[in-house]
Structures are given as C-alpha cells and as structure tokens.
Amino acid sequence: MDLQTDILVIGSGVAGALIACGVARKGAKVVIMEAGSEVDRAAAVARFQNACPKTPESAYAQSAFAPHPETDRPYAFYAQKGPHPFGSTYLRQVGGTTWHWLGSAIRLVPDDFKMRSRFGLAVDWPIAYADLEPWYCRAEQELGVAGDNADDLGSPRSAPYPFPPIAQSYLDLAWRNALQASDYKVRPTPQARLSKPSGDRPSCHGGASCIPICPIQAKYDATIHVARARSLGARLLTDTCANFVECGQDGRVDAVRFKRSDGSTGRVIARVVVIAANGVETPRLLLASASDAFPAGVANRSDQLGRNLMDHPIQLSWALARRQVWPYRGPGATSGIENFRDLQDRAENSALRFEIGNDGWSWPKGAPESTARELALSGLRGQALDAALKEQTSRHIRVAALTEQLPLASNRVTLDRAQVEKTGLPRPAIFYELDRYTAHALANARRLHDDMFAKIGVDAFWHKDRAQAAGHIMGAARMGDDPATSVVDRNLRAHGHSNLFLVGASVFPTGGTANPTLTIAALALRAADAVLAALKE
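## Points about helix H5 (residues 170–179)
Argument step 1. When we look at burial in H5, the residues that qualify are Leu171, Asp172, Ala174, Trp175 and Leu179. Axial view of H5: buried residues confined to an arc of 160°, hence all on one face.
Argument step 2. Looking at the packing, one finds that the buried side of H5 touches strand E4 (186–188), strand E10 (335–337), strand E11 (352–356), strand E12 (396–403) and helix H11 (436–456).

Now the structure itself:
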C-alpha cells in the first residue's frame, strides 16, 4: 500500500500532534503515523486500578507489535550496555507519553540556553530564550496551562497564563511555612491541567492518579490535538510503524516505509516528513535507515545521531514528619522550589529543581499499600491497624531533586540488530552513565534535603542511594548551527535533508532542570512555519 500526502508526521505525542494540527489548519494534506493504537480511557483507568505494581505504564496494555519500555523491567525493552541502566520510559500509543506525564509545564530559564558561553560547559543552543518566549506563550495557550502570574519563576513572560493556578495543597503550605525564612522558596508549579472548565474538558478534581492517567482529561494529553488535526482533515494511521526512511543521493526523503500490526507493509510518499518521536525512537528509526547513500544512517553525517542522551537524574528522599501534613491528595505535585535552577556557580554545581510530592511514599516505597503490609507484619490487626495506618500515612512526605545532566557523546542510543521486533525495527541499545558533575549534584541534593527535613521537622528520613529516572528523554538529535556537530538546524530541519524535520526533546542541546514538555511544545509550534515553508521549496 502506497499513500501520498503533503506532510507525513511520524508520532502522535505532543510534538507530532501540535505540528499536525498547525499545518492542517493552514490547508496542508497531513498523514499522522503512529506505531501504537488508540487508548480507551475508561479501560485504562480500570487496568490501573487492578494493577500491581502501579507503575507509570500500568494503565496501558503492552503491545506484542510495538511494545513500550516499563519502569519495573529496565532490561526487557532496552539492550542496556552501560554501567547505569537507563530507566526512563515512554508510551507508543496515540497521544504518546502525555498519557502518563505528571503535567508540570515549566519553562527553561534564559541561562539554560547558553551553558557554554555563561559557564564553560556543554554547548549553547543556536537560539536564545527570547527567540522561544513567544512560542512558550502559545504553548501554554494550546495546552491550557494553569499558573501564577505574580511569579515568573525566573523565566520572563510577555503574556499571562491562560488559567489561574491550581491551588497549593495543605502539604505544600506546611512546607512553605516551614521554609519561609530560608533560601528555599516554595512556589506553585505551572501545570497543564485545568483549574476551571474549558470547552468539553472539566477542571481538575484531584483524582491523584495523574501518573499514569487522568480519568477525566483535566490534564492535557496530545489526543486533544490529534482530534483537532483529524477534524481539519488529517488522516491518522494507527498500529502502523515507520521502519525505514528512503533518501536519494541529494538527501531528500523520497518515501517512508511502514509495517502494520496485521503484517501488511507500504510506503508514504510525502513532500515533507516530520519525525516527532522521542530521544530513543527518533535515532532508532534513522539509524535503522542506513543505506549505500547514507551508510551511518539518515541525518547522521556528523556522527551525532543517538549521542548526548540526557535525563534529569533524580535524588529521591522521603521522611516521616513529626506532625500530620495529609499527603495522598490532589495532583502528584502542585509546588516546587525553583530558585536553585539559575545558580551563578553552575560551572561547579548543577542547577537543581526540587519537586514537592503530594504522593507521600508511593514513589519510593509503594505506599500506602507497603505501609499497611509493614504494620500488619508488626502484629497489628483490626482497629489498631486501621488507626496506625491513618496516623502514619498522614505524616508521609517526599521531595525529588531534578539535576542537570550534561550531554556526553558516550551516552548514546544505538541498535541491537540481534533482536528485531515485529515492526521490523532493531531493539534500541543504550549506553548510559553518570559523570562526576551529576554525582556531585546528587550528593548536594541529599545535603539540601537533609536541611529541608530539619526545618520542617521529621522523626526519620531516607535517601535513595541510586539516581532515579525522571522520564525526561532528551538529546540524541541535537540542534545547532554547525552540521559537523549537530543533527538539525535552529528550525529543526535535518542537516543535509531539505525536506526532513525532527521535533521533540531529542533536539535539546542541553536539558536544564525544567520538565521538558512545555519546551517540546514551544519548539514544535515554532517549527510549523518552517515545515510549511518547505512545502513551497
């Protein structure tokens, strides 16, 4: 089966959905290709309720055709080649990983774009914060971000948030009051969840299951823009995986081959191709597309494709507060400490973003189920067990420090051609390690967590002794002005391929400490004009 279209968008997460919607609105003929299937929200909620363990992926059925990585099985999907297993995951479904993201919608700070010129580290972005700022405003409108206009969190703004902030929780206020006289400034977190109803989306009801699924779609997910794109004429192909990008000697993409879950195959012939996958799937597809003309893979003449893989390695710490603070209510996090994200000594000390959790010990220990088990094993039964469970869980607190990981050429995605999935794509192989800069950041975060716990008052506290994955897969197809050291240009067009664009966090040259989704959205909206211009070339 061969199809023809103006623009082929591969991937239906936030980047692909926004691009598809934007170009379809301008009259372009669009095909969206997605390896996974559509999600039945009610069925996914029921699957999560019955799941054990309750991981970020537990609401979503694993596909035999296009499987996804799972948090509790780090070696099942990835071929792990490095000293530190890469633990961040994603979904291959219509809507992508926005199904199980937390919803935090935070901008990078201006210095995040100029790490080399300001601090002598890594590389500068080819664009500045000021170039992206209007697109951040657009992204906040498109995603429906709720935030506090009285505080820009270090990222200057030219427009207000579309919705007022989500209320801080009782637990947030306990932290704020305890830390008020310190350097730790507890502030409401901008979130892509509605604080009041809009259109057919309700306001947040505090279901407390943002990860892995919002049961009512108060939290943004990319199916919203997939539906809008389809209403504008875009065609959605589900259970259809791109597995080879055909390029001519001049670098232009001639067609993209695909395989469907029923075993059928075909090609899409498009004037412009947009790959809107993540930092694993984007290099995976392009490396698998090696040919005589491009023996190292498509968009890889710089040998940078797949390299510089980043996450936000997390120091996770938790404690038993001396007084009741009532966690386990509302979104997973409604406040954070943002003023350590723009330190002046970043040449020596990583920026840090502290996320205050409303989810108690569910992340580090699997509470409250684990708490009930431990209390029962101690001999408590009946009313005594019930009273102890209520009393202890009311004092559970946790904090997570997101560290800035520098891009390392050795941290990379390659292919394990010994294992090929049913889509025809080789298994992704990942080499991943943490350097001294990150190790120092994690140790610094533990010290600061100790200080915070002392100020709020705790009976006991603990630290994870190994960095936790943030689920923020960045790098591997970095943007830059020099084709010798980057994969795409400042407009996200692949160097040497005039009709190929890559969008998503894979293009980030550096990662800062902000959750990446809002920046992904802003870059995608900005790239739409370049994609449309390429149609005229």
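Still more ground to cover, so stick around.
## What to know about the pairing of strand E13 (residues 412–420)
Argument step 1. As paired elements, E13 and strand E14 (residues 426–431) share 6 bridges and run antiparallel to each other. Of the residues in E14, the one forming a bridge with Val413 is Ile430.
Argument step 2. From the end of E13 to the start of E14, which pair antiparallel, there are 5 residues, and Gly424 there has a positive phi angle of about 95°.

## Let's talk about the sheet that holds E14
Argument step 1. Spatially, E3-E14-E13 is the arrangement adopted by the 3 strands of the open sheet, whose pairing is mixed. Of all strands in the sheet, those bounded by a partner on one side alone are strand E3 (79–80) and E13.

## Section: empty space enclosed by the protein
Argument step 1. Per the counting criterion, the structure on display carries 1 cavity of 30 Å³ or more.
Argument step 2. Space inside the largest cavity adds up to approximately 60 Å³.
Argument step 3. In terms of lining residues, the largest cavity is bounded by Ala105, Ile106, Arg107, Glu140, Asp152, Leu153, Ser155, Arg157, Tyr161, Pro190 and Arg341.
Argument step 4. Of the residues assigned to the lining of the largest cavity, the class counts are 5 nonpolar, 1 polar and 5 charged.

## Here we look at helix H10 (residues 382–393)
Argument step 1. Here H10 contains 12 residues, and its C-alpha end-to-end distance of 17 Å stays within 8% of the 16 Å for a straight helix at 1.5 Å per residue.
Argument step 2. Within the sequence span of H10, burial applies to Ala388, Gln392 and Thr393. For H10, the angular spread of buried residues about the axis comes to 110°, placing them on one side. Away from its buried face, by an angle of more than 90 degrees, H10 presents the exposed residues Gln383 and Lys390.
Argument step 3. Of the surrounding elements, those touching the buried residues of H10 are strand E9 (314–321), helix H9 (369–377) and E12.

## Brief notes about the packing of helix H1 (residues 14–25) against helix H6 (residues 223–231)
Argument step 1. Where H1 meets H6, the axes come as close as 8 Å, and the angle between the chain directions of the two elements is 25°. What the angle tells us is that H1 and H6 run roughly parallel. The handedness of the crossing between H1 and H6 is left-handed. In this structure, H1 uses Ala17, Leu18, Ala20, Cys21 and Ala24 to contact H6, whose residues at the interface are His225, Val226, Arg228 and Ala229.
Argument step 2. Residue composition of the contact of H1 with H6, by class: 7 nonpolar, 1 polar and 1 charged.

## A short note on the environment of Cys204
Argument step 1. Along the chain, Cys204 turns up in the loop between E4 and H6.
Argument step 2. Separated by 10 residues in the primary sequence, Cys204 and Cys214 have C-alpha atoms spaced 9.0 Å apart.
Argument step 3. With residues near it in sequence (within four places) discarded, Cys204 still touches Ile166, Arg193, Leu194, Ala218 and Pro331.

## Some remarks on the sheet that holds E12
Argument step 1. Spatially, E4-E10-E11-E12-E9-E15 is the arrangement adopted by the 6 strands of the open sheet, whose pairing is antiparallel. On the outer flanks of this sheet lie E4 and strand E15 (458–463), each paired with one strand and no other. Within the sheet, the average angular offset between the axes of one strand and its neighbour, ignoring direction, is 25°.
Argument step 2. Note that E10 and E11 share 3 bridges and pair antiparallel. Bridge pairing in E11 places Ile337 opposite Phe354.

## Observations concerning unusual backbone geometry
Argument step 1. In this chain, Cys52 is followed by Pro53 through a cis amide linkage whose omega measures 5°.
Argument step 2. Secondary-structure assignment places Pro53 in the loop between helix H2 (41–50) and E3.
Argument step 3. Geometrically, the link from Ile211 to Pro212 is a cis peptide bond, its omega value of 20° lying close to zero.
Argument step 4. Residue placement: Pro212 occurs in the loop between E4 and H6.
Argument step 5. The phi torsion at Leu153 lies on the positive side, around 55°, for a residue other than glycine.
Argument step 6. Its relative accessible area of 7% is what places Leu153 among the buried residues.
Argument step 7. Positive phi outside glycine occurs at Gln217, with the angle close to 65°.
Argument step 8. Relative to the elements of secondary structure, Gln217 occurs in the loop between E4 and H6.
Argument step 9. You can call Gln217 buried: its relative accessible area is 18%.

Calculation notes
Residues numbered from 1 in each chain as written. Predicted model: local features only at pLDDT ≥ 70, side-chain atom pairs only at ≥ 80, totals over all residues. Heavy atoms only, no water. Buried < 20%, exposed > 50% of the residue type's maximum accessible area, 1.4 Å probe, protein only. Helix = DSSP H or I, 4+ residues; strand = E, 2+ residues; numbered from the N terminus. Arc of directions from axis to C-beta. Contact = heavy atoms within 4.5 Å. Pairing = 2+ DSSP bridges. 1 Å grid on protein atoms, 1.4 Å probe; cavity = no way out; pocket = protein on both sides within 12 Å on 5 of 7 lines; lining within 4 Å. Points joined across faces, edges and corners; volume = space filled by probe spheres on them. Nonpolar A, V, L, I, M, F, W, Y, C, P; charged D, E, K, R; others polar. Expected span 1.5 Å × (residues − 1). Axes fitted to C-alpha atoms, helices over the stretch in contact; angles between N-to-C directions. Parallel < 35°, antiparallel > 145°, perpendicular 65-115°, else oblique. Left-handed = near helix turned anticlockwise from the far one by under 90°.

Keep in mind these numbers describe shape, not what the thing actually does.
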